[in-house]
There are 8 protein chains.
Amino acid sequence: MEKDQVRDVGYAKLDMTRCARTGCSETVYCPGKNREQLAGIMEAFREGNVPVLGTKCAPEQFDFLRERGLDISYDPVSRILTSGWGKVEKLAGLVAVCTGGTADIPVAEEACRTAEFFGCDVLRCFDVGVAGLHRLLGRIDEIRKADVIIAVAGMEGALGSVLSGLVSAPLIAVPTSVGYGAGFGGVAPLLAMLNSCAEGMSVVNIDNGFGAGVMACRILRLINRKK
Amino acid sequence: MEKDQVRDVGYAKLDMTRCARTGCSETVYCPGKNREQLAGIMEAFREGNVPVLGTKCAPEQFDFLRERGLDISYDPVSRILTSGWGKVEKLAGLVAVCTGGTADIPVAEEACRTAEFFGCDVLRCFDVGVAGLHRLLGRIDEIRKADVIIAVAGMEGALGSVLSGLVSAPLIAVPTSVGYGAGFGGVAPLLAMLNSCAEGMSVVNIDNGFGAGVMACRILRLINRKK
Amino acid sequence: MEKDQVRDVGYAKLDMTRCARTGCSETVYCPGKNREQLAGIMEAFREGNVPVLGTKCAPEQFDFLRERGLDISYDPVSRILTSGWGKVEKLAGLVAVCTGGTADIPVAEEACRTAEFFGCDVLRCFDVGVAGLHRLLGRIDEIRKADVIIAVAGMEGALGSVLSGLVSAPLIAVPTSVGYGAGFGGVAPLLAMLNSCAEGMSVVNIDNGFGAGVMACRILRLINRKK
Amino acid sequence: MEKDQVRDVGYAKLDMTRCARTGCSETVYCPGKNREQLAGIMEAFREGNVPVLGTKCAPEQFDFLRERGLDISYDPVSRILTSGWGKVEKLAGLVAVCTGGTADIPVAEEACRTAEFFGCDVLRCFDVGVAGLHRLLGRIDEIRKADVIIAVAGMEGALGSVLSGLVSAPLIAVPTSVGYGAGFGGVAPLLAMLNSCAEGMSVVNIDNGFGAGVMACRILRLINRKK
Amino acid sequence: MEKDQVRDVGYAKLDMTRCARTGCSETVYCPGKNREQLAGIMEAFREGNVPVLGTKCAPEQFDFLRERGLDISYDPVSRILTSGWGKVEKLAGLVAVCTGGTADIPVAEEACRTAEFFGCDVLRCFDVGVAGLHRLLGRIDEIRKADVIIAVAGMEGALGSVLSGLVSAPLIAVPTSVGYGAGFGGVAPLLAMLNSCAEGMSVVNIDNGFGAGVMACRILRLINRKK
Amino acid sequence: MEKDQVRDVGYAKLDMTRCARTGCSETVYCPGKNREQLAGIMEAFREGNVPVLGTKCAPEQFDFLRERGLDISYDPVSRILTSGWGKVEKLAGLVAVCTGGTADIPVAEEACRTAEFFGCDVLRCFDVGVAGLHRLLGRIDEIRKADVIIAVAGMEGALGSVLSGLVSAPLIAVPTSVGYGAGFGGVAPLLAMLNSCAEGMSVVNIDNGFGAGVMACRILRLINRKK
Amino acid sequence: MEKDQVRDVGYAKLDMTRCARTGCSETVYCPGKNREQLAGIMEAFREGNVPVLGTKCAPEQFDFLRERGLDISYDPVSRILTSGWGKVEKLAGLVAVCTGGTADIPVAEEACRTAEFFGCDVLRCFDVGVAGLHRLLGRIDEIRKADVIIAVAGMEGALGSVLSGLVSAPLIAVPTSVGYGAGFGGVAPLLAMLNSCAEGMSVVNIDNGFGAGVMACRILRLINRKK
Amino acid sequence: MEKDQVRDVGYAKLDMTRCARTGCSETVYCPGKNREQLAGIMEAFREGNVPVLGTKCAPEQFDFLRERGLDISYDPVSRILTSGWGKVEKLAGLVAVCTGGTADIPVAEEACRTAEFFGCDVLRCFDVGVAGLHRLLGRIDEIRKADVIIAVAGMEGALGSVLSGLVSAPLIAVPTSVGYGAGFGGVAPLLAMLNSCAEGMSVVNIDNGFGAGVMACRILRLINRKK
């Protein structure tokens, strides 16, 4: 392994060739980084013309980056930051992102925008939770057209199980921290999704729309590579 | 409160008039009682001609009671013990007991036999979990005829939420310890049921079919009283 | 299932016929929705003349809705939002709502106002916790007149068990997050209520007064239907 | 501190003067000790004529000690082992030991026999749990005569709170592992007892009847010393 | 039980004769009560000339009570509120209150001031944690003069175990939420105290200095009664 | 949805057309089913000529099925049961299954045999955990040829993170219950895998090799469909 | 043990000779101390010319100490406070401090500055987490020159395991609270580090860079003593 | 990295040069390996003349290895397996292993025998728990002579904190699963040790005497290297 794969800025070692290795260029987890560190990291990627995605970015962090003149976009709902530079190739195939409720949308948008940044087409299908099953059944034909499905749900997180039994595409379940009391910040849907009686589903961390988005891309890239 | 409401056998104080107070005669939780204690308790109730239900009774406990000549029945699936003496009045109305899977049947039978012991009619509807939704939808009209519904499920426990959105009867959810790993002995379905996005549902302890059965009886007795 | 049961506003799929299906019209869980989404949802229901209840609504959310000219009421104690439009039929029967302490009142009021919104009469009986048993025993005759009882308690949550042994009506227990330290935000009373040695009781999520209120309504509706 | 306070047998350092320091001679926690170790420990105490109490002793451990000719007694219910040698002074005052149910008796007997071994008089008052409150109220005058009260309960552990509000003596609560499901081996009553809304109560470990017995003795010794 | 033992102010049922029943007059847990409720409660007690103690009172709550002209005192460290009216009798005997560190002082002061309010003399012995054992051993003779000992400690909570092996008085252990990370808000010292290898110790809730203070009073009152 | 999709044997509702709907025919979770139930279920599938996979099957269950004359195979390491009847189509593509240690092999074999049953080719690469990184690096080129990777690991579960950063294929992580103490039966690797700093990975339940195998199949089927 | 080892300032007992006993002079845990207490403690140490380190100090606490004229320094990243007085001897040997990511730097700096304060030389090697293994492998020769290694990581905390298998020096792992969701404030990396399949590693509390720094010093002092 | 560092036996990849890399040759975690696998692994190491240590080995596993004619020893207390072949160099320096009680000895012996196998001298100092502090203080001078100290304790795990404040050597704390109830299988001492107010201590997994032994060796080897 060669040393020049890494750009060392002291507080960070930037992985300049991650895209070649894993298919997705490096992404930056923004919390816990001060604004100077974040700016330094973004500037180093810009220099290398490496496209970069930032997650869970606070509005203040974004404001500072803009003041520094960086060519970036920001979505306040998903708190996703995307660089204007670099180039990501488009992928054939479709990712469907469903949510149980309206309050799950920020996490779902994190998944959508991550998938879109890495070249996927996304179908949004929000607020189709199991309390009113006909809402889901009314959209099921549309969802079945997707190659990968992401199910985002808080509270009891039953959307994943119900969906997974109705489709044949691989399903990635994202528990959210939506809920209160014995939801324990997303533990209830996380456990539900891990213990699903329905098969063909795997799970990412609570509120980790980003992780689901990348997993979906890796799967889609498989189809693209094989073609 | 009068002292003769209680029959004191040393290791137990038997509540001889519970039925008058709460509508159901006393029931005996069998684990942790040695066989002599259990026999002493049953004999005291027989003497008072008080009908009695025993829960989670081990086969060995039942064998000893039979040897002592007590007129009791035992169901090895639900581990429910029922006295042949005393008289419980029949109740109008119907309780539907549904399960997510086959492995939930012992807990479901505990609910069924408890409800039946206290006078209810029971509709059994087993293995209608959400992984194959058409199994539940195929039975839904039948279930809707019930006055109270009990949903028994382990794993991710989604049955309660899905059912509750499809019916108007009060629904009692029973999480079971069916599952493994991050099911944590029933914690996963317990949390799912407590956090249901569907309303009109309340929950009892893990594997507590008995509790659900009594709750259903209390509700049915309400209809009977009002007639 | 027909598609026009659902009103799709993009971020939400409104269930316009839930009342016909489950007996209660749709309710809105306010946290996690931004104010535009909330307003959009309320306006859609108003258009359909569907009565609607909002739960755990922040004062700022309510203020925005009022500014939008929506005919709604708000109770700052329970954080319940109720629409002025639509029509809910009155139900015969009585729901008693008891609390262990004064600090449990916000959750209890959520139960009371939910039950009232859906047509129930409510008896409030607050601060009758078990540390001073005579407070509860002094009110017990009154409580026994109710058809359904809701017991709201934090700390050790013993109110449910004590009450359930004294009455024959079905009892719904609501643990609250009142307490500190090893109360773990309501886990202590939740576990106590789930493990009650008293029967005829079921439990809803921590601080879920709303859930208890709807469950009580479903039970009362049973009496009304049977008459 | 002098070295001859300790008798060193290699695998154990026996505290020969604990009684002078803390008021109770050393006690032996039997689990995890092999039978030779246990015998060696008992023989060393016998040599020093130090009275000794063993807790949670398995029948096989006791059998081996008897075969070694040690003058000891054993109670299979509480699994308490007591030496026939040495001398413990009698204490004035009374300890009441109450249980919620019959299944709590083994833990309660551990408390009773510990207190008796260290010189206390004990009033046993078993199976007075809160599901049938009149059982407790019927015995309350008797209980009030005690100087210290020990409340032993599993399931929801409400006995402590209810009792503590009815008496003025210090109350020691012992949660037991009686129960199942979300009882989590005694966690539910432990949390309930720690979060009691009733004051004047403190708590020991799950199933720790021994600890409650010693605490009661320390309190009673206070009265004796003061006389 | 007579109804006039209770003063009903709607949101609260005041227990006017608790002192006669349990030895300590009623105390008020301030969190979760709004200021009008708190004032109403205090005024009712003043009217009955019942001395009253408030715990965990916020400065804002106190300010409002003072504005209402109530004769009360407030200690900002312990957040204890005490009424100027009523009369509490003095008790013979001494309570020692020890802390592991300086950060445990607020909880320790809650214990001290509770005990003092109910008539006890208190010896304060702060910052004698086990990391520098000589600090504790240097004070041990003084501590041994106390009739009851309260050990207040956060972090690993070892103070209770070490102290309990050095004294013969009953020891009440109070875990505090001092610490971070895997201290889990006081869970670490709570578990340590419950699992102490030293006997003669019992435990109250995390940060519950008040509970320890009342327990100490109940014990001291025993000595006073017996004299 | 048609009713004849379901074969009702009372204790089970068999989903005869799951394969058409989700791509995999029904599988049977064996624990909690008694042997008659299990035999009844298998016989019903045989009648329909539906291929069937059983998971976590006890040797005794298998023996009974063989005695009933069912044409099935059993692997005692993975406890996987496979029917000899029916026909599953072969899939192009490769699944690599890696384990951290030797003790993870039973779970890994569950994944391997599930994937093979549903038509996949599998590369086994066992005992390449991160404590000796060169073991993994020595195999990495081989692993990179796979289309989907399954990483099975207990203890600290780091294999998933390390692998995911080295490959571009989608990775499914399976935590196992291998370990002891603070491994908490697989919780430690489960949390590690959910919190991976490496992207492109999703997780199934503890010891759920089956779930990973099905997920891998769904992904491979995608490639096959697209070709 | 002599009493003058302790300087008693009422709210604190200062351990003036800890350095002689344990090799490191006393350190002050700043949270939970009010500013007057903190100032009093620092002034007492200054008077004794005892060098002192403060941990997790809030900026406001530092400002107050400066206003009191104390000769102290403060690092806002690590929140470490160091006295200008007293003298700490220099130690031969090297401590390497590695982090998984940039967000772990504050905890790592706490370790670095603690080790430096007590005389160690420190090599900083930040952001070498396992998602891009070449970043770590590129620095491994440098790290291998250290006598003690500290691995600081949040999220899945795999850095410790991977590093420990590559070096022969003792390794101290510090889990951090960096992460979200099922990271549970550092529980995920804590469990991972405790369950490492790699040997030669031990663990300190979540975010406890200080503890790792002192442990490293104790080890280095060993080399210095032996020389 | 060269491939011949690894000996591949299919179910295991043996790390033949670990000793050169980390200072300790490979060790085998026995649970979860079947006896053929274990024998194959041991035989491969014997062939390479690599000394090998096995941990947590069941008696049945050992018996099988002996039958296969392997030259190994087994200690039934610690369940440690050691090869007769290969050569481990002797290390200067002393490791003291202390336990809180007699029941902690199996874990302590695992530490002792691991350290001895890798060349260390060990001082055993058992049953010096904090309930009788003079037992520890009576041995403290002896313990202070050690270069590394291992403190093994269950229940409340206070031994580590007390010891760490009395010595200057690095201290490794090992929580054990000794205890019951709220000890949660070693969680109580684990948390206590992680939250110690005493510094200079780090922690390994519950019951992980092996890990402490290896960590001690790594530290001692440092002294040996430096000489």
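Keep in mind that what you see is a predicted model, and the values were worked out from it rather than measured.

A. Quick peek at the overall build of chain A. Scanning chain A from N- to C-terminus turns up nine helices and eleven strands. Its C-alpha atoms give chain A a radius of gyration of 18 Å, near enough to 17 Å, the size a compact globule of 227 residues would have. C-alpha extents for chain A along the principal axes are approximately 50 × 45 × 30 Å. Out of the 227 residues belonging to chain A, those deemed buried represent 70%. A sequence separation of at least 24 residues applies to 67% of the contacts in chain A between residues at least 6 apart. Looking at chain A as shown, the accessible area adds up to about 6,900 Å², and 49% of this sits on carbon and sulfur atoms. Within chain A, one finds 25 positive and 26 negative side-chain charges whose respective centroids are separated by 4 Å.

B. Structural detail: the domain arrangement of chain A. All names here are of chain A. Considered domain by domain, chain A is made up of domain 1 (3-83) and domain 2 (94-226). Distance from the C-alpha centre of domain 1 to the C-alpha centre of domain 2: 26 Å. In this assembly, 16 residues from domain 1 lie in contact with 13 residues from domain 2. Approximately 1,200 Å² of surface area, both sides summed, lies buried where domain 1 meets domain 2, with 68% of it carried by carbon and sulfur atoms. Our count for the contact surface shared by domain 1 and domain 2 stands at two salt bridges. When the shortest N-O distance is used, the salt bridge between Arg113 and Asp75 registers 3.1 Å. Viewed at the interface, domain 2 and domain 1 are joined by four residue pairs in polar contact (both at pLDDT 80 or more). When residues of the side of domain 1 that touches domain 2 are traced back to their parent elements, those giving at least two are strand E4 (53-55) and strand E6 (80-83). Tallying contributions element by element places E6 first for the side of domain 1 that touches domain 2, with three residues.

C. Summary view of the pattern of salt bridges. Considering all chains together, one arrives at 136 salt bridges over all chains under this definition. Between A:Arg144 and A:Asp141 there is a salt bridge whose closest N-O contact spans 3.7 Å. With A:Arg144 and A:Asp141 both in helix H6 (residues 140-144) and three residues apart, this pair spans about one turn of that helix. The partner of H:Lys56 in a salt bridge is H:Glu110, and the shortest N-O contact between them spans 2.9 Å. Here H:Lys56, found in the loop between strand E4 (53-55) and helix H3 (59-67), pairs with H:Glu110, found in helix H4 (residues 105-117); they are 54 residues apart in sequence, far enough to count as distant. The buried category is assigned to H:Glu110, whose relative accessible area is 3%. Each member of the salt-bridge network shares a partner with another, and the members are A:Asp75, A:Glu109, A:Arg113, A:Glu116 and A:Arg124.

D. The sheet that holds strand E3 (residues 27-29) of chain D, seen in detail. Residue and element names in this part refer to chain D. Across the sheet, which stays open at both edges, the four strands sit in the order E3-E4-E6-E5 with mixed pairing between neighbours. Each edge of the sheet is formed by a strand with only one pairing partner; in this case those strands are E3 and strand E5 (72-75). Shown here is a sheet whose adjacent strand axes are inclined to one another by a mean of 20°, direction ignored. Pairing of E3 with strand E4 (residues 53-55) involves three bridges; the strand directions are parallel. Within E4, the position partnered with Thr27 by the bridge is Leu53. Strands in contact with helix H2 (residues 35-47) are E3, E5 and strand E6 (80-83); relative to E3, the strand with the most contacts, it is inclined by about 180°. Each of E5 and E6 is contacted by helix H3 (residues 59-67), which is oriented at about 160° to E5, the strand it contacts most.

E. Region of the structure containing the relation of the copies chain F and chain A. Once chain F has been moved 0.0 Å along the axis and rotated by 180°, it coincides with chain A to within an RMSD of 0.0 Å. Taken together, these values place the two copies in the relation of a two-fold axis. Interface residue correspondence from chain F to chain A reaches 100%, placing this contact among same-surface, isologous pairings.

F. Highlighting the interface of chain F and chain A. Tallying the contact residues gives 39 residues for chain F and 39 residues for chain A. Interface area lost by chain F to chain A is led by F:Leu194, F:Glu199 and F:Arg218, which between them contribute 21%. Viewed at the interface, chain A and chain F are joined by two salt bridges. F:Arg18 is the partner of A:Glu199 in a salt bridge, and the nearest nitrogen-oxygen pair spans 3.8 Å. Contributing elements (two or more residues each) for the side of chain F that touches chain A: helix H1 (18-22), strand E10 (171-175), helix H8 (187-194), strand E11 (201-203) and helix H9 (209-226) of chain F. No other element matches H9(F), which puts ten residues into the side of chain F that touches chain A. A class-by-class count of the residues in the side of chain F that touches chain A yields 19 nonpolar, eleven polar and nine charged.

G. Spatial organisation of the relation of the copies chain A and chain G. Structural alignment of chain A on chain G gives an RMSD of 0.0 Å, achieved by rotating through 90° and translating 0.0 Å along the axis. Each copy turns onto its partner about a four-fold axis. Every residue of chain A has its C-alpha some distance from the rotation axis, and the shortest such distance is that of A:Phe184, at 7.3 Å.

Definitions and limits used
- Starting afresh in each chain, residues are numbered from 1 along the sequence in its written order.
- Key to labels: chains lettered from A, ligands numbered from 1, both in the order written.
- Only residues with pLDDT of at least 70 get local features here, since the model is predicted, and only at 80 or more are side-chain atom pairs given and counted; chain-wide, interface and lining totals rely on the full set of residues.
- Each side-chain value is worked out from all heavy atoms of the structure, with water and hydrogens disregarded.
- Note on conventions: DSSP H or I runs of at least 4 residues are helices, E runs of at least 2 residues are strands, and numbering of each starts at the N terminus.
- Note that the radius of gyration is over C-alpha atoms, with the globule rule given as 2.2 Å times the number of residues to the power 0.38.
- For every residue, the accessible area (1.4 Å probe, protein chains only) is compared with the maximum for its type, and the residue is labelled buried under 20%, exposed over 50%, or partly exposed between those bounds.
- Residue contacts are counted whenever heavy atoms from the two residues lie within 4.5 Å of one another.
- For the area figures, the Shrake-Rupley method with a 1.4 Å probe applies, and any residue is considered shielded solely by the protein chains shown.
- A residue counts as positive if it is Lys or Arg and as negative if it is Asp or Glu; His and the chain ends are not included.
- The atom standing in for a charge is NZ when the residue is Lys, CZ when it is Arg, CG when it is Asp and CD when it is Glu.
- Segmentation of the chain into domains, including their bounds, is taken from an automatic or database domain assignment.
- The quantity reported as buried area is the accessible area (1.4 Å probe) lost by two parts once they are put together, taken as the sum for both.
- Here a salt bridge means any side-chain nitrogen of Lys or Arg lying within 4 Å of a carboxyl oxygen belonging to Asp or Glu.
- Any pair of nitrogen or oxygen atoms within 3.5 Å is treated as a polar contact; in protein, a donor-acceptor pairing is required on top of that, and neighbouring residues in sequence qualify only through side-chain atoms on both sides.
- Two strands qualify as a pair provided DSSP detects at least 2 bridges between them.
- Fitted lines through C-alpha atoms serve as axes, helices being fitted only where they are in contact, and the angles separating the N-to-C directions of these axes extend from 0 to 180 degrees.
- To superpose the copies, least squares is applied to the C-alpha atoms of every residue with a pLDDT of at least 70 in both.
- Each residue is assigned to one class: nonpolar for Ala, Val, Leu, Ile, Met, Phe, Trp, Tyr, Cys and Pro, charged for Asp, Glu, Lys and Arg, and polar for all the others, Gly among them.

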